[in-house]
Amino acid sequence: MKKMWKVEENRVAFEYARRITAYYSKSFYFSTRMLPKERRWATYALYGFCRHCDNLIDTPRQRTEIEIVREIQLLTEELQVAYNTGESQHPIIRAFILVAKAYGIPIEYPFDLLKGVAMDVQQTRYKTFDELSLFCYRVAAVVGLMMTHVLGYKDERAFDYAQQLGIAMQLTNILRDIKEDKDMGRIYLPQKDLVRFGVAEQDILKKITPQLKALMKFQIERADHYYAEAMPGISLLETESQYAIYSAAKIYRGILRKIEDQDYNPFLSRVFVPSSQKIGILLHEGLRAKFLSAQEKLFPVHSGIINR
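Residues numbered from 1 in each chain as written. Predicted model: local features only at pLDDT ≥ 70, side-chain atom pairs only at ≥ 80, totals over all residues. Heavy atoms only, no water.

1. Regarding the pattern of salt bridges
Any two side chains of opposite charge can pair if their charged atoms end up close together. Which entries qualify depends on this criterion: A pairing counts as a salt bridge when a side-chain nitrogen of Lys or Arg comes within 4 Å of a carboxyl oxygen of Asp or Glu. In this text, helices come from DSSP runs of H or I with a minimum length of four residues, and strands from runs of E with a minimum of two, each type numbered from the N-terminal end. Remark: exposure states derive from per-residue accessible area (1.4 Å probe, protein chains only) relative to the maximum for the residue type, with buried under 20%, exposed over 50%, and partly exposed in between.
Counted under the stated rule, the structure contains 18 salt bridges. The residue Glu-201 makes a salt bridge to Arg-125 at a minimum N-O spacing of 3.0 Å. Of this pair, Glu-201 sits in helix α11 (residues 201-206) while Arg-125 sits in the loop between α6 (108-122) and α7 (129-151), and the two are 76 residues apart along the sequence. Using a relative accessible area of 26% as the deciding quantity, one classes Glu-201 as partly exposed. We classify Arg-125 as partly exposed; its relative accessible area is 26%. One salt bridge connects Arg-257 with Glu-260, and the closest N-O pair in it is separated by 2.8 Å. Within this pair, Arg-257 and its partner Glu-260 are both found in helix α13 (residues 239-261), separated by three residues, close to a single helical turn. Note on Arg-257: relative accessible area 29%, which makes it partly exposed.

2. Looking at the packing of aromatic side chains
So the rule is basically this: Geometry of aromatic contacts follows a simple scheme: Phe, Tyr and Trp rings, the Trp one being its six-membered ring, pair when their centres are within 6.5 Å, and the pair is stacked under 30 degrees between planes, edge-to-face over 60, tilted otherwise.
All told, the structure shown has ten aromatic pairs when counted by the stated rule. Their ring planes at 85° and their centres at 4.8 Å tell us that Tyr-23 and Tyr-24 sit as a pair that is edge-to-face. Their ring planes at 15° and their centres at 4.3 Å tell us that Phe-49 and Phe-96 sit as a pair that is stacked. Within this pair, whereas Phe-49 is found in helix α3 (residues 37-58), its partner Phe-96 is found in helix α5 (residues 91-103), the two being separated by 47 residues in sequence. We note that Phe-49, like Phe-96, is buried.

3. Some thoughts on the packing of α3 against α6
Put simply, the rule is: As a rule, the C-alpha atoms of each element are fitted with a line to give its axis, helices using only the stretch in contact, and angles between N-to-C directions run from 0 to 180 degrees. An angle counts as roughly parallel when it lies under 35 degrees, as roughly antiparallel when it exceeds 145, as roughly perpendicular when it falls between 65 and 115, and as oblique in every other case. Crossing handedness is defined as follows: a turn of the near helix away from the far one that is anticlockwise and smaller than a right angle gives a left-handed crossing, while the clockwise case is right-handed. Residue contacts are defined here by distance: any two heavy atoms, one from each residue, within 4.5 Å place the two residues in contact. Residues are sorted three ways: Asp, Glu, Lys and Arg are charged, Ala, Val, Leu, Ile, Met, Phe, Trp, Tyr, Cys and Pro are nonpolar, and all the rest, Gly among them, are polar.
Two numbers describe how α3 lies on α6: the axes approach to 9 Å, and their chain directions differ by 20°. When the interaxial angle is binned, α3 and α6 end up roughly parallel. Every pair of crossing elements has a handedness; the one defined by α3 and α6 is right-handed. Contacts between α3 and α6 involve Phe-49, Cys-50, Cys-53, Asp-54 and Ile-57 on the former and, on the latter, Pro-110, Leu-113, Leu-114, Val-117, Asp-120 and Val-121. Across the contact of α3 with α6, the residue classes break down as nine nonpolar, no polar and two charged.

4. Quick look at unusual backbone geometry
A positive phi angle, near 60°, is found at Asp-263, a position not held by glycine. For Asp-263, a relative accessible area of 41% corresponds to the partly exposed category. Of note in this structure, Tyr-264 is not a glycine but carries a positive phi near 65°. Turning to its location among the elements, Tyr-264 is positioned in the loop between α13 and α14 (275-298).

5. A closer look at empty space enclosed by the protein
Quick reminder of the rule: Lining residues are those with an atom within 4 Å of a point, where the points come from a 1 Å grid over the protein atoms alone and group into cavities, where a 1.4 Å probe fits but cannot get out, or pockets, open sets with protein on both sides within 12 Å along at least five of seven lines. Grid points are joined across faces, edges and corners, and a volume is the space filled by probe spheres set on the points.
Going through the model one piece at a time under the given rule, you end up with three cavities of 30 Å³ or more. A volume near 50 Å³ is recorded for the largest cavity. In terms of lining, the largest cavity is formed by Ile-174, Ile-178, Asp-181, Lys-182, Arg-186, Ile-187, Tyr-188, Leu-189 and Ile-204. Here the element with the most residues in the lining of the largest cavity is helix α9 (residues 178-183); it accounts for three residues. Classifying every residue of the lining of the largest cavity gives six nonpolar, no polar and three charged.

6. Quick notes on the confidence of the model for the protein
Detailed reading of the predicted coordinates is not advisable wherever pLDDT is low. Just so we agree on the cut-off: Each residue carries a pLDDT score, the predictor's confidence in it, ranging from 0 to 100.
Averaged over the protein, the pLDDT score is 85; the fraction of residues at 70 or greater is 85%. Taken as a whole, residues 274-308 scores under 50 in pLDDT and shows 45 contacts with residues more than four places along the chain or in a different chain.

7. As for the side chain of Asp-112
Note that Asp-112 resides in helix α6. Among all residues touching Asp-112, those that are not within four sequence positions of it are Tyr-137, Arg-138 and Val-142.

8. Thoughts on the side chain of Thr-32
Heads up, the condition is: Under this definition, polar contacts are N or O atom pairs within 3.5 Å; protein pairs additionally need one hydrogen-donor-capable and one acceptor-capable atom, and for neighbouring residues in sequence, both atoms have to be side-chain atoms.
Relative to the assigned elements, Thr-32 resides in helix α2 (residues 26-32). Thr-32 sits in the buried class, given a relative accessible area of 2%. Side-chain polar atoms of Thr-32 contact the backbone oxygen of Tyr-29, separated by 3.2 Å. Ignoring anything within four residues of it in the chain, the contact list for Thr-32 reads Arg-40, Thr-43, Tyr-44 and Ala-244.

Structure follows, in structure tokens:
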């Protein structure tokens, strides 16, 4: 990236993106600090843009649905111009477009993200998991696809695995944030699954029941399946990037274990992985990263095929 974050006219934009990352995603920020500096600042720019898009609807504001949809459209238009010209005066888009151009991120990915944000404005219920998975793809899987460009990869199959990891993380967000989401009138758990487990919508809006616990257990198993599918693909990333992503995936997956620890009750408190546990994960993955790096130097012919 040629240290674009150090160029005077770009410094404020990149620092703004870094602060957004640190404020809104402590777990992700904790992990990305282990990336090489160039990729780390590029990741801040990417996350800052994605968070800005999410905040159009996640941050409480006195705006109508029509006004928010128009704001999304204006951001889409500004992004198109930025891709055409390679620059923007919008602080978040400024940092993002420099990274997108440097790392070859296709415009379809951020466009899909904005489609997902618009979808979240206009849709508060999902009939089936297929409907929900489309939403997860747009707001999370495409983030993983963009991140793969930034992190570097040894095999194009890494993109398929990144998509799986993005969906796993979004499902984790949904399970962690059931209380906050239902307070905003949103229920992401598929309606078909509610019927299957005998969960009435008012149960989600008011109380925990045995049926809801069974549904939560099922959803956690579904998310775990996506993590299991995704994890082997991390070894297809550049070795210097694997450490941070293994750590981020383990920390995020740890949220599922915390939900289990509170007996699947999403209403007790917002779960999180404590700093001591995060540090333990980072230390463990740091040792693994050193081992993999040493192994690749000794046996370069096997580079990129070592799995966990």
